[in-house]
Amino acid sequence: MQVTTDVFAPPAPVTQRGPAAGRPGQSPRDARRRRIVLRLISLLVLYALWEISARVTRNPTFIPAPSAVWHQLVVTSTTHDGVRGYSGHLLIEHLGVSLRRILIGSAIGVAGGLVLGVVMGTVGWIRVVVEPVVTFVRALPPLAYFSLFIIWFGIDETPKLWLLSIAALPPVAVATAAAVYSAPTGLVEAAQALGAGRWQTIRDVVLPNALPEIFTGIRLAVGIAYSSVVAAETINGVPGIGGLIRDAQRYSQTDVVVLGLFAIGLSGLLIDALLRTAETRLIPWRGRS
C-alpha cells in the first residue's frame, strides 16, 4: 500500500473566533440577529424587574416607576404651562452642554496624553521621572482636585474643563507609553537600517504598531471623563446633565435623577460605539494574526 503526503498542501484556513464569529456553522447575519434578540430579551427582563421593584416598594422617592421617569422625559423635553424643560433648559440642551464639555476636556486630555506617552515611551529618563506623577494623578478621585481648580479658576467653565482634561490624560499617557516602549525591535532596526531618523521611525513604525493600545487608552479616557462630568457640574453646572442630576437630588426628585442617569448612559453607549467604529476603520488589522 502506497502512502502519499502532500507536503506542499496549503494550510487549513483558521476560523475566526471573536465577537463577530458566532457559533460554528452560523452565518454572520444569523449571529447578528441572535445578539439583537438576546439584548432585547435582557432589556425586557430589566424593565420587568424595575416595574416589579417599584410596585413592591411603593416609594417613588426610593424607586420611581418607569412611567414616572417617562413622564419626566416628556416634561423636561417640552414647554408646559410656561415652564421650559428643567431649570429653564430642555433635556437635550442639558445633555448638549455636558457633551460639549466632555468633548473639549477629552480632546485636551487625549492630546496631552498622546504627547506625554510618546515622550515617556522613547526617552528613558523622562519615563522614570514622570511615570510616578502620572500614576499618582490617575489614583486621585476627580473631586479631590476639583476643589483646588475652583480656588484657582473660579466657578465658570475653566475648572470643569481642567477637571475633565486631567481625568482623561493618565489612561492615554500610560497606554501610549507602554505601547511605544514595547514596539517590536526588529521593525525599528529595519526602519533605521533603511535610513529613517528617530522621529520618522516613531511616526511611521512605532505609532502605527501602537495604535490598538492607544485606542484602548482613548476609550478608557473618554469613559473616565464622562463619569467625571457629574463631579465637574456640581458647582454652577446648570445647564448640564450633571447639574440637572445634582439639582434634582437636592429636592429628592428621584425620577429626574434616574432620567439624567439614562441620558448619560445612553449617550455614553453611543460615543463608545462611535469610537469602536473609528477603531475598526483605522485599525482593521486588530485582532488578526
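Residues numbered from 1 in each chain as written. Predicted model: local features only at pLDDT ≥ 70, side-chain atom pairs only at ≥ 80, totals over all residues. Heavy atoms only, no water.

The protein is annotated in an unreviewed UniProt entry as ABC transporter permease from Actinoplanes friuliensis DSM 7358. In its Sequence similarities (unreviewed entry) section, the UniProt entry covering the protein states "Belongs to the binding-protein-dependent transport system permease family." Its UniProt record gives the protein a comment under Subcellular location (unreviewed entry), which states: "Cell membrane". (UniProt positions renumbered as here; feature names shortened; annotations may be inferred.)

Student: Please clarify how the packing of aromatic side chains should be interpreted in this entry.
Tutor: Centre-to-centre distance and the angle between the planes together describe a pair of aromatic rings. Throughout the structure, instances matching the rule amount to seven aromatic pairs. On the numbers, 6.1 Å between centres and 50° between planes, the contact of F149 with W152 is tilted. Taken together, the residues F149 and W152, both in helix α5 (residues 142–153) and three residues apart, mark about one turn of the helix. (Phe/Tyr/Trp six-rings, centres within 6.5 Å; stacked < 30°, edge-to-face > 60°. Helix = DSSP H or I, 4+ residues; strand = E, 2+ residues; numbered from the N terminus.)

Student: Is there a simple way to explain helix α1 (residues 28–57) in this structure?
Tutor: Structural remark: α-helix, 3.6 residues per turn; residues separated by three or four positions point the same way. With 30 residues, α1 should reach 44 Å at 1.5 Å per residue; the first-to-last C-alpha distance of 43 Å fits that figure. Looking only at α1, the buried set comprises A31, E51 and A54. As for α1, its buried residues are in contact with α2 (66–76). Phi turns positive one or two residues past the end of α1, at R58, with a value near 55°. (Expected span 1.5 Å × (residues − 1). Buried < 20%, exposed > 50% of the residue type's maximum accessible area, 1.4 Å probe, protein only. Contact = heavy atoms within 4.5 Å.)

Student: Is there a simple way to explain the UniProt feature "transmembrane region" (unreviewed entry) in the protein in this structure?
Tutor: Per the UniProt annotation, the sites labelled "transmembrane region" (unreviewed entry) are residues 36–53, 102–126, 133–155, 161–181 and 256–275. What you have in residues 102–126 is 96% helix and 0% strand, and the ends, taken at the C-alpha atoms, are 29 Å apart. For residues 161–181, the helix share is 100%, the strand share is 0%, and the end-to-end C-alpha distance is 30 Å.

Student: For this particular structure, what's the right way to read helix α11 (residues 254–282)?
Tutor: The terminal C-alpha atoms of α11 lie 42 Å apart, and with 29 residues this matches the ideal 42 Å at 1.5 Å per residue to within 8%. For α11, the set of buried residues is T254, D255, V256, V257, V258, L259, G260, A263, I264, S267, L275 and E279.

Student: I would appreciate a short explanation of the side chain of T176 in the present structure.
Tutor: Mapped onto the fold, T176 is located in helix α6 (residues 157–181). Leaving out residues up to four positions away in the same chain, T176 has contacts with G113, L114, G117, V118 and I214.

Student: In this structure, what is going on with the packing of helix α10 (residues 241–250) against α11? I would like to understand it.
Tutor: Look at α10 against α11: their axes get within 8 Å of each other, and the N-to-C directions meet at 160°. What the angle tells us is that α10 and α11 run roughly antiparallel. Remark: the crossing between α10 and α11 carries left-handed chirality. Between α10, through I241, L244, I245, A248 and Q249, and α11, the contact on the second element is made entirely by V256, V257, G260, L261, A263 and I264. Grouping the amino acids of the contact of α10 with α11 by side-chain chemistry returns nine nonpolar, two polar and no charged. (Axes fitted to C-alpha atoms, helices over the stretch in contact; angles between N-to-C directions. Parallel < 35°, antiparallel > 145°, perpendicular 65-115°, else oblique. Left-handed = near helix turned anticlockwise from the far one by under 90°. Nonpolar A, V, L, I, M, F, W, Y, C, P; charged D, E, K, R; others polar.)

Student: Please explain the packing of helix α3 (residues 91–122) against α6 as it appears in this structure.
Tutor: For any two helices packed against each other, one specifies the inter-axial angle together with the distance between the axes. In the contact formed by α3 and α6, the axes pass within 5 Å of each other and the chain directions differ by 35°. The hand of the α3/α6 crossing is right-handed. Its residues assigned to classes, the contact of α3 with α6 comprises 17 nonpolar, ten polar and four charged.

Student: Is there a simple way to think about the environment of I218 in this case?
Tutor: Tracing the chain through its elements places I218 in helix α8 (residues 198–227). When its relative accessible area of 14% is taken as the criterion, I218 is described as buried. In the structure, I218 is positioned 45 residues away from A173 in sequence and 9.4 Å away in space, judged by C-alpha atoms.

Student: Just checking my understanding: could you explain the confidence of the model for the protein for this structure?
Tutor: Parts of the model with low pLDDT should not have their predicted coordinates read in detail. Looking at the protein as a whole, the pLDDT averages 81, with 86% of positions reaching at least 70. Note on residues 1–20: pLDDT is under 50 here. Beyond four places in sequence and across chains, it has six contacts. (pLDDT = per-residue confidence, 0-100.)

Student: What should I look at first to understand the pattern of salt bridges in this one?
Tutor: Oppositely charged side chains are able to pair whenever their charged atoms sit close together. Under the definition given, this model contains eight salt bridges. Put simply, R219 and D272 hold a salt bridge, and the shortest N to O gap is 3.1 Å. One end of the pair, R219, is in helix α8; the other, D272, is in helix α11, and 53 residues separate them in sequence. (Salt bridge = Lys/Arg side-chain N within 4 Å of Asp/Glu carboxyl O.)

Student: Looking at this structure, how should I read the nonpolar core?
Tutor: One recurring pattern in soluble globular proteins is that nonpolar side chains are buried together. By size, the foremost hydrophobic cluster in this structure holds 39 residues, and its most contacted members are L163, I218, Y226, L244 and I264. Examining the composition of this core, we find that eight residues originate from one element, α8, more than from any other. Apart from the residues within four sequence positions on either side, L163 is in contact with P142, Y145, F146, F149, S228, A231 and A232. (Core = buried A, V, L, I, M, F, W, Y, C linked by side-chain atoms within 4.5 Å.)

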